[in-house]
Every structure is written in structure tokens, then in C-alpha cells.
Amino acid sequence: MSSIIIFSSNKKTKFISQIIQEKIESEIVEIKDLNKKSGILGNIKNNYNALRSNNTDIYPETIDLNGYDLIIVGSPSTFGGISPSISTFIENNSFKNKKVVIFTTTNSRQGYDVLKHMKKKIENNGGIILNSFIMRVNNKSENEIKINTLKIIKELDLDLYS
């Protein structure tokens, strides 16, 4: 069994995880940022926290990952940074000897730094990164995102884990 662990601020990360879930036997765990603010000032604070890689209060704080063959971790890119909730989740959990695929969604050309930081944090907590991908979602319809996600599932052989 696989687990897809995500934070989705614009719901596109969640949409992609649902497409993956349809193709491989998995469950989705959506991390909630208990400090996420709304409105203009809230967005500025949220973006600042992502840019500075600040941690936050999350729910759930930890997940027992022992029963999973594959863990997929997804985070939106915020000014090239990991979402504070996923950063916190990675630091709070042991990925010892776990096979992990990481991905990020972005509205721009950013994304490589997000994956690089996620990879480093997960490997520091014992995880084995199998692969990664960036999903550019700017000006893409749900159908385009679905087609691109299905291509990535095939390219990365994710369906082998079902």
C-alpha cells in the first residue's frame, strides 16, 4: 500500500494526488496548516514563512509510515520554497528506509529548489528518494493537468506500486 501526503493551498496539488490515487492503491493524507492565514496580509505572512522555510503547527503532526511500501509527498511551490506544513511534516516524521517520490506544483518556472530541499530533508530523516517531478499548473485546465499527471504516472512507473 502507498500513502500520498500533501498540503494543497490552491487545490491543484490535491487534484493531482487524487489522479495518482486512482491509478495506484493508496490513501491521501492532507496536512493542515493550523497557522495558515487568509486575506492579503495573511497571504504575505504565509509566503514569507514559505520563503524562509519556517515551520508551522500542523495536523496531523506525525503519521506511522511503517505500513507503506511507497510514500508520495506533494507540496506547492511558494516563491520557490516548500510549504511550511510539508516542511514541518517531513521534520516530524521518520522516513527510515522508506521509498519516496516527491513532487511540487508551481505556477511559474520555480520548483527545482523545492524538490532539492524536500529531497535533502527526507534523506536526512532516512528516506530513499526514488524519483521526483514538477507539475506546472499555471493556466492549465483540469483536463490538461490530468493528462500531464497520467503521463508522469506512466513515465515514473508509479502504477507498479498498485
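Preceding block: the structure.
Being a predicted model, the structure only gives us computed values, none of them experimental.

The rules behind these values
- Residues numbered from 1 in each chain as written.
- Predicted model: local features only at pLDDT ≥ 70, side-chain atom pairs only at ≥ 80, totals over all residues.
- Heavy atoms only, no water.
- Pairing = 2+ DSSP bridges.
- Helix = DSSP H or I, 4+ residues; strand = E, 2+ residues; numbered from the N terminus.
- Right-handed = clockwise from strand over helix to strand, strands pointing away.
- Buried < 20%, exposed > 50% of the residue type's maximum accessible area, 1.4 Å probe, protein only.
- Contact = heavy atoms within 4.5 Å.
- Salt bridge = Lys/Arg side-chain N within 4 Å of Asp/Glu carboxyl O.

Trainee: Help me out: how do you make sense of the pairing of strand E2 (residues 26–30) in this one?
Mentor: Residues in a regular strand point their side chains to alternate faces of the sheet. For strand E1 (residues 2–6) and E2, the ladder comprises five bridges, and the chain directions are parallel. The residue of E2 that forms the bridge with Ile-5 is Val-29. Once the chain exits E1 it traverses helix H1 (residues 12–23) before rejoining the sheet at E2, and the crossover so formed is right-handed.

Trainee: Would you mind showing me how to read the side chain of Ser-77 here?
Mentor: Relative to the elements of secondary structure, Ser-77 occurs in strand E5 (residues 70–78). When its relative accessible area of 15% is taken as the criterion, Ser-77 is described as buried. Among all residues touching Ser-77, those that are not within four sequence positions of it are Thr-104, Thr-105, Thr-106, Gln-110, Gly-111 and Val-114.

Trainee: Please explain the pattern of salt bridges as it appears in this structure.
Mentor: A side chain with one charge may pair with a side chain of the opposite charge, provided their charged atoms come close. Tallying each qualifying case throughout the model produces six salt bridges. Between Asp-113 and Lys-116 there is a salt bridge, and its shortest N-O distance comes to 3.8 Å. A residue pair is termed a helical-turn pair when its members lie 3 or 4 positions apart in one helix, as Asp-113 and Lys-116 do in helix H4 (residues 112–124) at three residues. The residue Glu-123 makes a salt bridge to Lys-119 at a minimum N-O spacing of 2.9 Å.

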